[in-house]
Amino acid sequence: MNKIYGSAAEALDGLLFDGMFIASGGFGLCGIPELLLDAIKQAGTKDLTFASNNAGVDDFGIGILLQTKQVKKMISSYVGENKEFMRQYLSGELELEFNPQGTLAERMRAGGAGIPGFYTKTGVGTQVAEGKEHKDFNGETFILETGMFADLSIVKAWKADETGNLIFRKAARNFNPPAATCGKVCVVEVEEIVPTGSLDPDNIHLPGVYVHRIVQGEHEKRIEQRTVRSREDAQ
Amino acid sequence: MPWDRNQMAERAAQELEDGTYVNLGIGIPTLVSNYVGDKDITLQSENGMLGMGPFPFEGDEDPDLINAGKQTITELPRTAYFDSATSFGMIRGGKIAAAILGAMEVDENGDLANWMIPGKLVKGMGGAMDLVAGVQRVIVVMDHTNKAGETKVLKKCTLPLTGAAVVDRIITNLGVLDVVEGGLKIVELADGVTEADLRAATEATIV
């Protein structure tokens, strides 16, 4: 069972096809699978549908696939930081489906857990509820949302062991675990692959059963909103 | 004098109960954390963190440590990290005591609009719809009128909703209003603001 691949391109070999549905981890530019996105750009795969909380910025994250017009549709909760995204959306080149952030996360989690639909109160009485089944439980109204089943999951973790057990770091965990579970195949990029047995089994964030291929690489880890306080103010 | 941004944030901070978990939105709500005083409040950031600390000192920024506004932040001794599905599980599941959010419009039914202006650039609702649907108490903090001087406290919201009948309390530069049966009830007036001033700036029914 070798899950380790030498490069992002090798890790994606044989998995990409035009028109496919990809679930991606990350929040803003934090914890995004930047190496795998770059490899998808190099592969030139087209008409992609992405489920991803955000769409990156113009020159980083999913934004690089918008520049090359490889994306047909985005399923996201917030896409505010991307000018090329807005241009393509307003000109009708790009489809967009807004999901509330928690609904998007739960659609991924549900899909990965074999649950085809679930009821939520999020969005009741809003545009999000239009055309969806409504059902009352204990006097409160809920809407039916569907689990998500992707062709491929691409995620970023901090460390993996050789069997694919993963550990994420701080707030870079975000959408990565739910996104990892909802694809037929899950490819993970990590900062470090460590020997099997060196991670504490009680502290695995995502078990290797969800992980099919792993690649290690250098990450840029760009900061979107660098915000600091001065040491004087703190005194 | 109506309240300024900081005074609104200070007033909103009084709403927070000691020992609770709270989510603060972007803008004036973010300032609320400056006024919690001695209260033991744990801030939730919906991208996957409880126990959000202050902004880092220059040079200490960590790209793996951001809040829901994508800003670099720090952790505290109590901090816990988790994934987005777990994060919205605790929001939807009612474990978060309060959310303090900005708004474009609020109405007398407690409807809230704060995510979309049709015909203008649409950025998305982010986590706002989940928060207003799930947390125990929703507190809106906003200016009473928009830049054109028109009221934002309406009989019926005109913009696409973030949630229907979700708002509990509204804190504006003119005072504090509660959503009650039949309309809004004045709880408090800002210093120097009369009830007539507040009524004149409000379209919603005041009971």
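In this report, the structure presented in the accompanying data block is examined. (Residues numbered from 1 in each chain as written. Chains lettered and ligands numbered in written order. Predicted model: local features only at pLDDT ≥ 70, side-chain atom pairs only at ≥ 80, totals over all residues. Heavy atoms only, no water.)

A few words on the overall build of chain A. A tally of helices and strands in chain A yields six helices and twelve strands. Against the 2.2 N^0.38 benchmark of 18 Å for 235 residues, chain A shows a C-alpha radius of gyration of 18 Å, consistent with a compact globule. Split into buried and exposed, the 235 residues of chain A put 55% on the buried side. Expressed as a percentage of contacts within chain A between residues at least 6 apart in sequence, the contacts between residues at least 24 apart total 72%. Total accessible area computed for chain A in this model is approximately 9900 Å², and 46% of it derives from carbon and sulfur atoms. Between the averaged position of the 25 positive side-chain charges in chain A and that of its 32 negative side-chain charges there is a distance of 1 Å. (Helix = DSSP H or I, 4+ residues; strand = E, 2+ residues; numbered from the N terminus. Rg over C-alpha atoms; globule rule 2.2 N^0.38 Å. Buried < 20%, exposed > 50% of the residue type's maximum accessible area, 1.4 Å probe, protein only. Contact = heavy atoms within 4.5 Å. Areas by Shrake-Rupley, 256 points an atom, 1.4 Å probe, with all protein chains shown as cover. Lys, Arg positive; Asp, Glu negative; His and termini not counted. Charge placed at Lys NZ, Arg CZ, Asp CG, Glu CD.)

This part takes up the interface of chain A and chain B. Often the size quoted for an interface is simply the accessible area lost on bringing the parts together. At the junction of the two partners, chain A supplies 50 residues and chain B supplies 46 residues. Together chain A and chain B conceal approximately 4200 Å² of surface at their shared face, both sides included; 61% is due to carbon and sulfur atoms. For the pair chain A and chain B, the interface holds six salt bridges. For arginine 226 of chain A, the salt bridge goes to glutamate 61 of chain B, with nearest N and O atoms at 3.0 Å. Where chain A touches chain B, the interface holds 23 residue pairs in polar contact (both at pLDDT 80 or more). Taken together, the elements giving at least two residues each to the side of chain A that touches chain B come down to α4 (83-90), α5 (101-112) and α6 (176-181) of chain A. For the side of chain A that touches chain B, the class distribution of residues is 19 nonpolar, 18 polar and 13 charged. (Buried area = accessible area lost by both parts, 1.4 Å probe. Salt bridge = Lys/Arg side-chain N within 4 Å of Asp/Glu carboxyl O. Polar contact = N/O pair within 3.5 Å; in protein donor to acceptor, adjacent residues only side chain to side chain. Nonpolar A, V, L, I, M, F, W, Y, C, P; charged D, E, K, R; others polar.)

Within the structure shown, the criterion is met by 27 salt bridges over all chains. A salt bridge links arginine 169 of chain A to aspartate 64 of chain B; the nearest nitrogen and oxygen atoms lie 2.8 Å apart. In this pair, arginine 169 of chain A sits in the loop between β10 (166-167) and α6 while aspartate 64 of chain B sits in the loop between β3 (49-52) and β4 (75-81), so the two residues belong to two different chains. Accessibility expressed as a relative area gives 2% for aspartate 64 of chain B, which makes it buried. Among the salt bridges present, the one from glutamate 15 of chain B reaches arginine 169 of chain B, with a minimum N-O distance of 2.8 Å. Here glutamate 15 of chain B, found in the loop between α1 (5-13) and β1 (21-24), pairs with arginine 169 of chain B, found in strand β10 (residues 169-171); they are 154 residues apart in sequence, far enough to count as distant. Exposure remark for glutamate 15 of chain B: the relative accessible area of 11% places this residue in the buried category. The exposure class of arginine 169 of chain B is buried, given its relative accessible area of 13%. Put simply, Lys156, Arg169, Glu191 and Lys221 of chain A together with Asp62 and Asp64 of chain B are held in one network by salt bridges that share partners.

Residue and element names in this part refer to chain B. Positionally, threonine 172 belongs in the loop between β10 and β11 (175-180). Residue classification places threonine 172 among the buried residues on the basis of a relative accessible area of 0%. There is a polar contact of 2.8 Å between the side chain of threonine 172 and the side chain of histidine 144. A polar side-chain atom of threonine 172 sits 2.9 Å from the main-chain amide nitrogen of leucine 174. Here threonine 172 is in contact with Trp3, Met8, Met142, Asp143 and His144, once residues within four sequence places are set aside.

Turning next to the packing of α5 of chain A against helix α3 (residues 84-92) of chain B. At a closest axis distance of 8 Å, the pairing of α5 of chain A and α3 of chain B adopts a crossing angle of 125°. The angle between α5 of chain A and α3 of chain B places the two elements in the oblique class. Read as a crossing pair, α5 of chain A and α3 of chain B show a hand that is left-handed. Contacts from Gln101, Gly102, Thr103, Ala105, Glu106 and Arg109 of chain A in α5 of chain A reach Ser84, Ala85, Phe88 and Arg92 of chain B in α3 of chain B. Across the contact of α5 of chain A with α3 of chain B, the residue classes break down as three nonpolar, four polar and three charged. (Axes fitted to C-alpha atoms, helices over the stretch in contact; angles between N-to-C directions. Parallel < 35°, antiparallel > 145°, perpendicular 65-115°, else oblique. Left-handed = near helix turned anticlockwise from the far one by under 90°.)

Turning our attention to the sheet that holds strand β8 (residues 140-146) of chain A. Residues and elements named next belong to chain A. Within the open sheet, the three strands sit side by side as β6-β8-β7. Their pairing is antiparallel. A strand with exactly one partner marks an edge of an open sheet, and here the two such strands are β6 (117-120) and β7 (134-137). Looking at each pair of strands side by side, their axes are set apart by 40° on average, direction ignored. The sheet contact formed by β6 and β8 spans four bridges and is antiparallel. Paired with glycine 117 across the strands is threonine 146, a residue of β8. Against the sheet, α5 contacts β6 and β8, and its axis sits at roughly 150° relative to β6. (Pairing = 2+ DSSP bridges.)

Residue and element names in this part refer to chain A. Bridging between strand β1 (residues 4-5) and strand β12 (residues 213-216) involves two bridges; their strand directions are parallel. By the bridge assignment for β12, isoleucine 4 is matched with isoleucine 214. Summarising the sheet, strand β11 (residues 183-194) and β12 pair through four bridges and their orientation is parallel. Along β12, the bridge assignment pairs valine 188 with isoleucine 214.

Remember, this is a structural readout, not a statement about activity or role.
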